[in-house]
Amino acid sequence: MDDIQDGVQIGENKFIRKATVLSHLKTYNLYYEGQNLQLRHREEEGELIIEGLLNIFWGLRRPIRLQMQDDHERIRPPPSSTSWHSGCNLDSQGSPNSTDGQQTTAQSPPTVEVTPPDSKPENNGVKEEQTEEDSSAQLLRTKSDAGVLRRGQRRSPSDQRKIRRNRFSINGHFYNHKTAVFTPALGSVTNVRINSCMTTPQVLRVLLNKFKIENSPDDFALYLVHASGERVKLKRSDYPLLLRVMQGPCEQVCKVFLMEEDLGEEVTYDVAQYIKFEMPVLQSFITKLKEEEDREVQKLRKRYTYLRCVIEKQLRCLPEGATCM
């Protein structure tokens, strides 16, 4: 009971002492000293929380599908009483934007006068109307810029539209109508920012949302792939970041791979010892195992043949009228 209270849960009914986790975390951060893969930790109500970037390698065999660009999405306004949409209001000049009677810069056109120089003759009615429309349009653009500046962003509206369209790329691959369905390069790496409280399905969801992948998280699974060839599938109740820390920081020894749920296959350590051998070597192993199996079979046959002879001999030695007790 004390181990559970003082331990850190890494899976279903799996706990490790907090001191052991902190020791592995220290080694992990020393390995990645000066890099963005270092992890931070804190304690909240006695619970150890680790957060940072986790490298995940692509191991998919089937293609994935990216979602369409979210051109219809709007930039979310900041959580304040003043929204940047109020600065982009295109209603009539007489409509107020606030209830306290104060008007923002969006309603300042009446205070701005556009007058021609005294030396030029007066324009005709057509040109006057055109001038009023041009100045009004310019003022409307000024209102939009003022509204954006009020949010505290320094990007121009065109840059904001580019940000809305752009996604994180998978090895440089952005969404394209012709190549929306593709397979990431085998063994290529990406990373996601997670914490130690996130289970395997939650990490999968974060990864798919990062690249706007249309496939369901249930179609994928995470595997720990060791250099020896051993492959362990993470359960739905496991915590990938903690398991990564406990496996050590060196990715030459162990990597986290994303694979298909139905195509991935676990490989035990005993089987993994023979994976890297060439086929002729494996065939020789099979031959030797077959020979050893035949020798064991012959030994068993000889043993039971001898026992049968002994029993039959004892039965013949018994008198005819004798009965077994």
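The structure displayed is predicted, hence computed values, not measured ones.

Q: Explain the overall build of the protein to me, please; I cannot follow it from the model alone.
A: When its secondary structure is counted, the protein shows nine helices and ten strands. Per-residue burial for the protein yields a buried fraction of 29% across its 325 residues. Within the protein, contacts between residues at least 6 apart in sequence are counted, and of these 69% link residues at least 24 apart. Here the protein has roughly 22,900 Å² of accessible surface; of this, 51% comes from carbon and sulfur atoms.

Q: How do you make sense of the nonpolar core when you look at a structure like this?
A: Inside soluble globular proteins, nonpolar side chains tend to come together where they are buried. In this structure, Ile-50, Ile-56, Leu-222 and Leu-258 are the most contacted members of the largest nonpolar core, which totals 40 residues. Contributions of two or more residues to this core are made by β1 (7-11), α2 (18-31), β4 (47-58), β7 (189-195), α6 (200-210), β8 (220-226), α7 (240-247) and β10 (254-260). Examining the composition of this core, we find that six residues originate from one element, β4, more than from any other. In this view, Leu-222 contacts Ile-56, Thr-200, Val-203, Leu-204, Val-232, Lys-233, Leu-234, Pro-240, Val-256, Phe-257 and Leu-258; residues no more than four positions away in its chain are not counted. Residues Ala-221, Tyr-223, Val-225 and Met-259 belong to the second largest nonpolar core, which totals six residues.

Q: Help me understand the pairing of β10, please; the structure alone is not making it clear to me.
A: Consecutive residues of a regular strand have side chains that alternate between opposite faces of the sheet. Counting buried residues along β10, six of its seven residues qualify, which places the element largely inside the surrounding structure. Summarising the sheet, β4 and β10 pair through two bridges and their orientation is parallel. By the bridge assignment, Trp-58 is partnered in β10 with Leu-258.

Q: So what exactly am I meant to see when it comes to the side chain of His-226 here?
A: Topologically, His-226 is positioned in strand β8. According to the relative accessible area criterion, His-226 is buried, its value standing at 17%. When neighbours within four sequence positions are excluded, His-226 is seen to be in contact with Gln-247, Val-253 and Cys-254.

Q: It is not clear to me how the packing of aromatic side chains should be interpreted in this structure. Could you clarify?
A: Any aromatic ring pair is given by two values, namely how distant the centres are and how the planes are angled relative to each other. Applying the stated rule across the entire model yields four aromatic pairs. Where Tyr-28 meets Tyr-32, the ring centres are 5.2 Å apart and the plane angle is 55°; that geometry is what we call tilted. There is no split in this pair, since Tyr-28 and Tyr-32 are both buried. Between the NZ or CZ atom of Lys-255 and the centre of the ring of Phe-57, over which it lies, the distance is 4.7 Å. The ring centre of Tyr-304 lies 5.9 Å from the NZ or CZ of Arg-303, which sits over that ring.

Q: Help me out: how do you make sense of α2 in this one?
A: Because each turn of an α-helix spans 3.6 residues, side chains separated by three or four positions end up pointing in the same direction. The terminal C-alpha atoms of α2, which comprises 14 residues, lie 20 Å apart, in line with the 20 Å expected from a rise of 1.5 Å per residue. When α2 is considered as a whole, its buried residues turn out to be Lys-18, Val-21, Leu-25, Tyr-28 and Asn-29. The arc enclosing the buried residues of α2, seen along the axis, measures out at 90°, which places them on a common side. With respect to the buried face of α2, the exposed residues turned more than 90 degrees away are Ala-19, Lys-26 and Leu-30. Against the buried residues of α2 lie β1, β2 (14-17), β3 (40-44), β4 and α7.

Q: Any chance you could explain a nonpolar patch on the surface here in plain terms?
A: A surface patch of nonpolar side chains, about 520 Å² in accessible area, is lined by Leu-300, Tyr-304, Tyr-306, Leu-307 and Val-310. Among the structural elements, Tyr-306 can be located in helix α9 (residues 279-317). Overall, Tyr-306 belongs to the exposed group, its relative accessible area being 57%.

Q: I keep staring at the packing of α2 against α7 and nothing clicks. Help me out?
A: Between two packed helices, the angle of one axis relative to the other and the distance separating the axes together describe the packing. Across the interface, α2 lies against α7 with an axial gap of 8 Å and an inter-helix angle of 70°. As summarised for this structure, α2 and α7 are arranged roughly perpendicular, according to the angle between their axes. Between α2 and α7, the contacting residues are Thr-20, Val-21, His-24, Leu-25 and Tyr-28 on the first element and Leu-242, Arg-244, Val-245 and Met-246 on the second. Partitioning the contact of α2 with α7 into residue classes produces six nonpolar, two polar and one charged.

Q: Please explain the pattern of salt bridges as it appears in this structure.
A: Where charged atoms of side chains with opposite charge meet at close range, the side chains can pair. Under the defined criterion, the tally for this structure stands at eight salt bridges. The partner of Lys-18 in a salt bridge is Glu-43, and the shortest N-O contact between them spans 3.8 Å. In this pair, Lys-18 is assigned in helix α2 and Glu-43 in strand β3, connecting sequence segments 25 residues apart. The exposure class of Lys-18 is buried, given its relative accessible area of 15%. Three or more residues joined by partner-sharing salt bridges are found here, namely Arg-40, Arg-42, Glu-44 and Glu-51.

Q: Just checking my understanding: could you explain α7 for this structure?
A: Taken across its eight residues, α7 has six buried, putting it largely inside the fold. Within α7, burial applies to Pro-240, Leu-241, Leu-242, Leu-243, Arg-244 and Val-245. Once α7 finishes, Gly-248 follows within two positions and takes phi at roughly 100°, a positive value.

Definitions and limits used
Residues numbered from 1 in each chain as written. Predicted model: local features only at pLDDT ≥ 70, side-chain atom pairs only at ≥ 80, totals over all residues. Heavy atoms only, no water. Helix = DSSP H or I, 4+ residues; strand = E, 2+ residues; numbered from the N terminus. Buried < 20%, exposed > 50% of the residue type's maximum accessible area, 1.4 Å probe, protein only. Contact = heavy atoms within 4.5 Å. Areas by Shrake-Rupley, 256 points an atom, 1.4 Å probe, with all protein chains shown as cover. Core = buried A, V, L, I, M, F, W, Y, C linked by side-chain atoms within 4.5 Å. Pairing = 2+ DSSP bridges. Phe/Tyr/Trp six-rings, centres within 6.5 Å; stacked < 30°, edge-to-face > 60°. Lys NZ or Arg CZ within 6 Å of the ring centre and 35° of its normal. Expected span 1.5 Å × (residues − 1). Arc of directions from axis to C-beta. Patch = residues over 30% accessible without salt bridge, like charges linked within 9 Å, V, L, I, M, F, W, Y side chains within 5 Å. Salt bridge = Lys/Arg side-chain N within 4 Å of Asp/Glu carboxyl O. Axes fitted to C-alpha atoms, helices over the stretch in contact; angles between N-to-C directions. Parallel < 35°, antiparallel > 145°, perpendicular 65-115°, else oblique. Nonpolar A, V, L, I, M, F, W, Y, C, P; charged D, E, K, R; others polar.

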